[in-house]
Amino acid sequence: MPTVRGRLVRLLLKHMVGPKFRRAGTSMVEWRRLDDFIIKNQRAPRGTGVEPVRVGDTDAEWVRAPAVIPDRAVLLLHGGGFIIGSAATHRELAARISSSIEARVLVLNYRLAPEHPFPAALHDAVGAYRWLLDAGFRSDGLAVGGDSAGGGLTLQTLLALRDEGVPLPAAAFLLSPCTDWLRFDGESYSSRADADPYVTLEACRFTAAQYVGRNDPALPMLSPLEAELSGLPPLCIHVGDDEVLLSDSARLADRARAAGVEVELSIWPGMWHVFQASARLVPEARRSLEEIGRFVSARMG
(Lines give C-alpha, C1' and ligand atoms only; values in the text may rest on other atoms or scores of the structure.)
Protein backbone atom coordinates (compact mmCIF):
# COMPACT_ATOMS: atom_id res chain seq x y z
CA MET A 1 0.00 0.00 0.00
CA PRO A 2 1.52 3.36 -1.01
CA THR A 3 1.98 6.05 1.61
CA VAL A 4 -0.46 8.96 1.89
CA ARG A 5 2.13 11.25 0.28
CA GLY A 6 2.59 8.75 -2.52
CA ARG A 7 -1.14 8.69 -3.23
CA LEU A 8 -1.39 12.49 -3.13
CA VAL A 9 1.52 13.00 -5.54
CA ARG A 10 0.06 10.39 -7.87
CA LEU A 11 -3.21 12.37 -7.99
CA LEU A 12 -1.28 15.55 -8.65
CA LEU A 13 0.56 13.90 -11.55
CA LYS A 14 -2.65 12.51 -12.99
CA HIS A 15 -4.49 15.84 -12.98
CA MET A 16 -1.65 18.31 -13.62
CA VAL A 17 1.11 16.48 -15.50
CA GLY A 18 -0.99 13.93 -17.37
CA PRO A 19 -2.97 16.56 -19.31
CA LYS A 20 0.27 18.26 -20.41
CA PHE A 21 1.60 14.99 -21.84
CA ARG A 22 -1.68 14.21 -23.58
CA ARG A 23 -1.89 17.73 -24.99
CA ALA A 24 1.61 17.39 -26.44
CA GLY A 25 0.34 14.61 -28.70
CA THR A 26 2.51 14.62 -31.81
CA SER A 27 3.64 18.26 -31.53
CA MET A 28 7.38 18.67 -30.97
CA VAL A 29 6.75 22.27 -29.90
CA GLU A 30 4.44 21.12 -27.10
CA TRP A 31 6.75 18.30 -26.09
CA ARG A 32 9.68 20.67 -25.71
CA ARG A 33 7.64 23.08 -23.64
CA LEU A 34 7.55 20.28 -21.09
CA ASP A 35 11.27 20.84 -20.54
CA ASP A 36 10.58 24.33 -19.15
CA PHE A 37 7.88 22.93 -16.86
CA ILE A 38 10.22 20.24 -15.51
CA ILE A 39 13.17 22.59 -15.06
CA LYS A 40 11.07 25.05 -13.05
CA ASN A 41 10.24 22.27 -10.60
CA GLN A 42 13.86 21.23 -9.91
CA ARG A 43 15.01 21.62 -6.29
CA ALA A 44 18.42 20.08 -5.75
CA PRO A 45 19.23 19.45 -2.06
CA ARG A 46 21.22 22.10 -0.23
CA GLY A 47 24.96 21.79 -0.74
CA THR A 48 24.73 20.26 -4.21
CA GLY A 49 27.55 21.26 -6.53
CA VAL A 50 26.92 21.72 -10.26
CA GLU A 51 29.74 22.22 -12.77
CA PRO A 52 29.30 22.47 -16.56
CA VAL A 53 31.79 20.40 -18.54
CA ARG A 54 32.49 19.49 -22.15
CA VAL A 55 32.68 15.79 -22.93
CA GLY A 56 34.19 15.73 -26.39
CA ASP A 57 31.72 17.68 -28.52
CA THR A 58 28.88 17.24 -26.00
CA ASP A 59 27.76 19.42 -23.10
CA ALA A 60 27.35 17.79 -19.69
CA GLU A 61 27.18 18.61 -15.99
CA TRP A 62 29.04 17.25 -13.02
CA VAL A 63 26.58 17.04 -10.13
CA ARG A 64 27.99 16.34 -6.66
CA ALA A 65 26.47 15.78 -3.26
CA PRO A 66 28.38 17.40 -0.37
CA ALA A 67 30.23 14.13 0.39
CA VAL A 68 31.45 11.85 -2.40
CA ILE A 69 34.21 9.25 -2.73
CA PRO A 70 36.83 10.77 -5.08
CA ASP A 71 37.42 7.73 -7.31
CA ARG A 72 33.72 7.01 -7.93
CA ALA A 73 31.62 8.38 -10.78
CA VAL A 74 28.24 7.69 -12.34
CA LEU A 75 27.30 8.32 -15.96
CA LEU A 76 23.62 9.30 -15.83
CA LEU A 77 21.59 9.13 -19.05
CA HIS A 78 18.45 11.20 -18.71
CA GLY A 79 14.98 10.21 -19.84
CA GLY A 80 12.56 12.08 -22.08
CA GLY A 81 11.72 9.70 -24.89
CA PHE A 82 14.89 10.78 -26.74
CA ILE A 83 13.12 13.99 -27.77
CA ILE A 84 13.25 16.07 -24.55
CA GLY A 85 15.27 16.13 -21.35
CA SER A 86 18.69 17.44 -20.35
CA ALA A 87 21.03 17.79 -17.43
CA ALA A 88 18.85 20.69 -16.28
CA THR A 89 15.66 18.59 -16.17
CA HIS A 90 17.43 15.90 -14.12
CA ARG A 91 19.55 17.97 -11.77
CA GLU A 92 17.57 17.10 -8.64
CA LEU A 93 17.48 13.38 -9.41
CA ALA A 94 21.21 13.44 -10.23
CA ALA A 95 21.94 15.13 -6.90
CA ARG A 96 20.03 12.46 -4.97
CA ILE A 97 21.76 9.68 -6.90
CA SER A 98 25.10 11.33 -6.11
CA SER A 99 24.20 11.26 -2.43
CA SER A 100 22.95 7.65 -2.42
CA ILE A 101 26.00 6.24 -4.25
CA GLU A 102 28.49 8.73 -2.76
CA ALA A 103 29.78 9.48 -6.23
CA ARG A 104 29.95 12.45 -8.54
CA VAL A 105 27.41 12.17 -11.36
CA LEU A 106 28.07 13.11 -14.98
CA VAL A 107 24.75 14.01 -16.64
CA LEU A 108 25.14 13.97 -20.40
CA ASN A 109 23.26 16.22 -22.81
CA TYR A 110 23.27 13.59 -25.55
CA ARG A 111 21.85 14.54 -28.95
CA LEU A 112 18.07 14.33 -29.29
CA ALA A 113 15.70 13.13 -31.99
CA PRO A 114 14.15 13.85 -34.42
CA GLU A 115 17.09 16.07 -35.38
CA HIS A 116 19.50 13.32 -34.32
CA PRO A 117 17.87 9.88 -34.42
CA PHE A 118 19.52 6.59 -33.49
CA PRO A 119 22.47 5.99 -33.15
CA ALA A 120 23.46 9.56 -32.18
CA ALA A 121 22.54 9.24 -28.49
CA LEU A 122 24.26 5.87 -28.26
CA HIS A 123 27.46 7.22 -29.80
CA ASP A 124 27.41 10.12 -27.32
CA ALA A 125 26.86 7.80 -24.35
CA VAL A 126 29.64 5.39 -25.34
CA GLY A 127 31.94 8.36 -25.94
CA ALA A 128 31.14 9.76 -22.48
CA TYR A 129 31.96 6.45 -20.79
CA ARG A 130 35.28 6.29 -22.65
CA TRP A 131 35.90 9.90 -21.61
CA LEU A 132 35.53 8.89 -17.95
CA LEU A 133 38.04 6.09 -18.41
CA ASP A 134 40.44 8.49 -20.13
CA ALA A 135 39.96 10.91 -17.22
CA GLY A 136 41.47 8.30 -14.90
CA PHE A 137 38.46 6.53 -13.45
CA ARG A 138 38.81 2.77 -13.10
CA SER A 139 35.93 0.74 -14.48
CA ASP A 140 35.29 -0.79 -11.03
CA GLY A 141 34.69 2.72 -9.71
CA LEU A 142 32.13 3.53 -12.40
CA ALA A 143 28.41 2.95 -12.78
CA VAL A 144 26.02 3.74 -15.62
CA GLY A 145 22.33 4.42 -15.10
CA GLY A 146 19.31 6.14 -16.53
CA ASP A 147 15.58 6.59 -16.37
CA SER A 148 12.93 5.77 -18.98
CA ALA A 149 14.53 6.25 -22.41
CA GLY A 150 17.79 6.81 -20.56
CA GLY A 151 17.34 3.41 -18.95
CA GLY A 152 17.05 1.85 -22.39
CA LEU A 153 20.06 3.87 -23.53
CA THR A 154 21.94 2.48 -20.52
CA LEU A 155 21.24 -1.05 -21.76
CA GLN A 156 22.30 -0.14 -25.30
CA THR A 157 25.49 1.46 -23.97
CA LEU A 158 26.43 -1.62 -21.94
CA LEU A 159 25.89 -3.87 -24.95
CA ALA A 160 27.98 -1.61 -27.19
CA LEU A 161 30.81 -1.37 -24.65
CA ARG A 162 30.80 -5.15 -24.16
CA ASP A 163 30.92 -5.78 -27.90
CA GLU A 164 33.80 -3.29 -28.29
CA GLY A 165 35.79 -4.96 -25.52
CA VAL A 166 35.77 -1.89 -23.27
CA PRO A 167 36.05 -2.61 -19.50
CA LEU A 168 32.50 -2.55 -18.15
CA PRO A 169 31.31 -0.57 -15.11
CA ALA A 170 30.93 -2.16 -11.71
CA ALA A 171 27.13 -1.98 -11.93
CA ALA A 172 24.24 -0.36 -13.75
CA PHE A 173 20.83 0.87 -12.63
CA LEU A 174 17.71 1.34 -14.73
CA LEU A 175 14.66 3.32 -13.58
CA SER A 176 11.47 2.40 -15.47
CA PRO A 177 13.49 1.60 -18.61
CA CYS A 178 12.09 1.37 -22.12
CA THR A 179 13.82 -1.65 -23.67
CA ASP A 180 12.12 -2.03 -27.06
CA TRP A 181 11.33 0.80 -29.48
CA LEU A 182 9.60 -1.34 -32.10
CA ARG A 183 7.09 -3.88 -30.77
CA PHE A 184 5.33 -2.40 -27.72
CA ASP A 185 3.84 -5.82 -26.98
CA GLY A 186 4.27 -5.93 -23.21
CA GLU A 187 1.06 -6.86 -21.40
CA SER A 188 1.36 -3.82 -19.11
CA TYR A 189 0.56 -1.49 -22.02
CA SER A 190 -3.00 -2.72 -21.65
CA SER A 191 -3.18 -3.94 -18.05
CA ARG A 192 -1.73 -0.66 -16.63
CA ALA A 193 -3.24 1.75 -19.16
CA ASP A 194 -5.83 3.09 -16.70
CA ALA A 195 -3.50 3.05 -13.71
CA ASP A 196 -0.62 5.02 -15.28
CA PRO A 197 -1.12 8.69 -14.39
CA TYR A 198 0.62 10.20 -17.41
CA VAL A 199 2.44 7.80 -19.78
CA THR A 200 0.44 6.26 -22.65
CA LEU A 201 1.10 3.73 -25.37
CA GLU A 202 0.44 6.43 -27.96
CA ALA A 203 3.11 8.69 -26.48
CA CYS A 204 5.59 5.80 -26.38
CA ARG A 205 4.95 5.00 -30.04
CA PHE A 206 5.37 8.65 -31.06
CA THR A 207 8.64 9.25 -29.21
CA ALA A 208 10.05 5.91 -30.36
CA ALA A 209 9.27 6.74 -33.99
CA GLN A 210 11.36 9.91 -33.66
CA TYR A 211 14.26 7.93 -32.22
CA VAL A 212 14.11 5.10 -34.76
CA GLY A 213 13.79 7.54 -37.66
CA ARG A 214 14.58 5.94 -41.02
CA ASN A 215 16.73 3.18 -39.56
CA ASP A 216 16.18 -0.43 -40.51
CA PRO A 217 13.86 -1.96 -37.85
CA ALA A 218 15.99 -5.10 -38.05
CA LEU A 219 18.85 -3.35 -36.22
CA PRO A 220 19.33 -5.34 -32.99
CA MET A 221 20.03 -2.24 -30.89
CA LEU A 222 16.50 -0.96 -31.52
CA SER A 223 15.19 -3.95 -29.55
CA PRO A 224 17.94 -4.43 -26.95
CA LEU A 225 15.55 -6.56 -24.91
CA GLU A 226 16.03 -9.26 -27.54
CA ALA A 227 19.84 -8.97 -27.58
CA GLU A 228 22.30 -11.49 -26.18
CA LEU A 229 22.71 -10.17 -22.62
CA SER A 230 25.47 -12.38 -21.25
CA GLY A 231 28.52 -10.66 -19.87
CA LEU A 232 26.74 -7.53 -18.62
CA PRO A 233 27.54 -6.10 -15.18
CA PRO A 234 25.08 -6.44 -12.26
CA LEU A 235 21.78 -4.68 -13.02
CA CYS A 236 19.51 -2.93 -10.52
CA ILE A 237 16.05 -2.32 -12.04
CA HIS A 238 13.36 -0.31 -10.23
CA VAL A 239 9.90 0.22 -11.71
CA GLY A 240 6.43 1.22 -10.55
CA ASP A 241 3.64 -1.31 -10.51
CA ASP A 242 1.24 1.25 -12.01
CA GLU A 243 3.03 2.08 -15.25
CA VAL A 244 2.63 0.93 -18.82
CA LEU A 245 6.36 0.21 -19.09
CA LEU A 246 6.32 -2.37 -16.29
CA SER A 247 6.66 -5.28 -18.72
CA ASP A 248 9.82 -3.81 -20.23
CA SER A 249 11.51 -4.07 -16.83
CA ALA A 250 10.13 -7.49 -15.90
CA ARG A 251 11.09 -9.05 -19.22
CA LEU A 252 14.56 -7.53 -19.14
CA ALA A 253 15.12 -8.96 -15.67
CA ASP A 254 13.98 -12.42 -16.78
CA ARG A 255 16.13 -12.43 -19.91
CA ALA A 256 19.21 -11.06 -18.14
CA ARG A 257 18.98 -13.66 -15.37
CA ALA A 258 18.61 -16.40 -17.96
CA ALA A 259 21.85 -15.12 -19.53
CA GLY A 260 23.68 -15.38 -16.21
CA VAL A 261 23.58 -11.69 -15.28
CA GLU A 262 23.09 -10.67 -11.65
CA VAL A 263 19.79 -8.77 -11.47
CA GLU A 264 17.86 -7.09 -8.68
CA LEU A 265 14.33 -6.19 -9.79
CA SER A 266 12.14 -4.08 -7.48
CA ILE A 267 8.50 -3.45 -8.41
CA TRP A 268 6.98 -0.71 -6.25
CA PRO A 269 3.22 -1.00 -5.53
CA GLY A 270 1.18 2.06 -6.43
CA MET A 271 4.15 3.87 -7.98
CA TRP A 272 4.34 5.47 -11.40
CA HIS A 273 6.90 6.06 -14.16
CA VAL A 274 10.25 7.26 -12.72
CA PHE A 275 8.68 7.96 -9.34
CA GLN A 276 12.21 8.53 -7.98
CA ALA A 277 12.05 12.03 -9.48
CA SER A 278 9.53 12.82 -6.70
CA ALA A 279 11.93 11.93 -3.87
CA ARG A 280 11.53 15.39 -2.33
CA LEU A 281 7.92 14.48 -1.50
CA VAL A 282 7.49 10.69 -1.69
CA PRO A 283 9.02 8.32 0.91
CA GLU A 284 8.95 5.37 -1.51
CA ALA A 285 11.10 7.33 -3.96
CA ARG A 286 13.70 8.03 -1.28
CA ARG A 287 13.77 4.37 -0.25
CA SER A 288 14.17 3.32 -3.87
CA LEU A 289 17.20 5.58 -4.31
CA GLU A 290 18.68 4.29 -1.04
CA GLU A 291 18.33 0.70 -2.28
CA ILE A 292 19.94 1.58 -5.60
CA GLY A 293 22.77 3.30 -3.76
CA ARG A 294 23.42 0.23 -1.61
CA PHE A 295 23.35 -2.06 -4.65
CA VAL A 296 25.79 0.00 -6.68
CA SER A 297 28.11 0.89 -3.79
CA ALA A 298 28.45 -2.76 -2.78
CA ARG A 299 29.80 -3.62 -6.24
CA MET A 300 32.19 -0.74 -6.68
CA GLY A 301 35.87 -1.23 -5.99
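Our structure is the block above this text.
Residues numbered from 1 in each chain as written. Predicted model: local features only at pLDDT ≥ 70, side-chain atom pairs only at ≥ 80, totals over all residues. Heavy atoms only, no water.

(A) Seen up close, a nonpolar patch on the surface. On the surface, V4, L8 and L11 cluster together into a nonpolar patch covering about 290 Å² of accessible area. Inspection of the secondary structure puts V4 in helix α1 (residues 4-24). On the accessibility criterion, V4 (53% relative accessible area) is exposed. (Patch = residues over 30% accessible without salt bridge, like charges linked within 9 Å, V, L, I, M, F, W, Y side chains within 5 Å. Areas by Shrake-Rupley, 256 points an atom, 1.4 Å probe, with all protein chains shown as cover. Salt bridge = Lys/Arg side-chain N within 4 Å of Asp/Glu carboxyl O. Helix = DSSP H or I, 4+ residues; strand = E, 2+ residues; numbered from the N terminus. Buried < 20%, exposed > 50% of the residue type's maximum accessible area, 1.4 Å probe, protein only.)

(B) Structural context of unusual backbone geometry. For the peptide bond that leads from A113 to P114, omega is 5 degrees, which places it in the cis range. Along the polypeptide, P114 turns up in the loop between β4 (104-108) and α4 (120-134). Backbone torsion omega between F118 and P119 reads 10 degrees, so that peptide bond is classified as cis. In this fold, P119 is placed in the loop between β4 and α4. If you check the backbone angles, E102 has positive phi at about 60 degrees while not being a glycine.

(C) Focus on the layout of surface pockets. Taken as a whole, the largest pocket encloses approximately 1100 Å³ of empty space. Lining the largest pocket are 43 residues, with V17, F21, I38, Y198 and A277 sitting closest to its centre. Looking at which element gives the most residues to the lining of the largest pocket, the answer is α1, with 6 residues. For the lining of the largest pocket, the class distribution of residues is 26 nonpolar, 13 polar and 4 charged. Approximately 170 Å³ is the volume attributed to the second largest pocket. For the second largest pocket, the full set of lining residues is P45, T48, A65, P66, A95, R96, S99, S100, A279, R286, L289 and E290. Of all elements in the fold, only α3 (91-101) and α9 (283-299) reach the threshold of two or more residues within the lining of the second largest pocket. (1 Å grid on protein atoms, 1.4 Å probe; cavity = no way out; pocket = protein on both sides within 12 Å on 5 of 7 lines; lining within 4 Å. Points joined across faces, edges and corners; volume = space filled by probe spheres on them. Nonpolar A, V, L, I, M, F, W, Y, C, P; charged D, E, K, R; others polar.)

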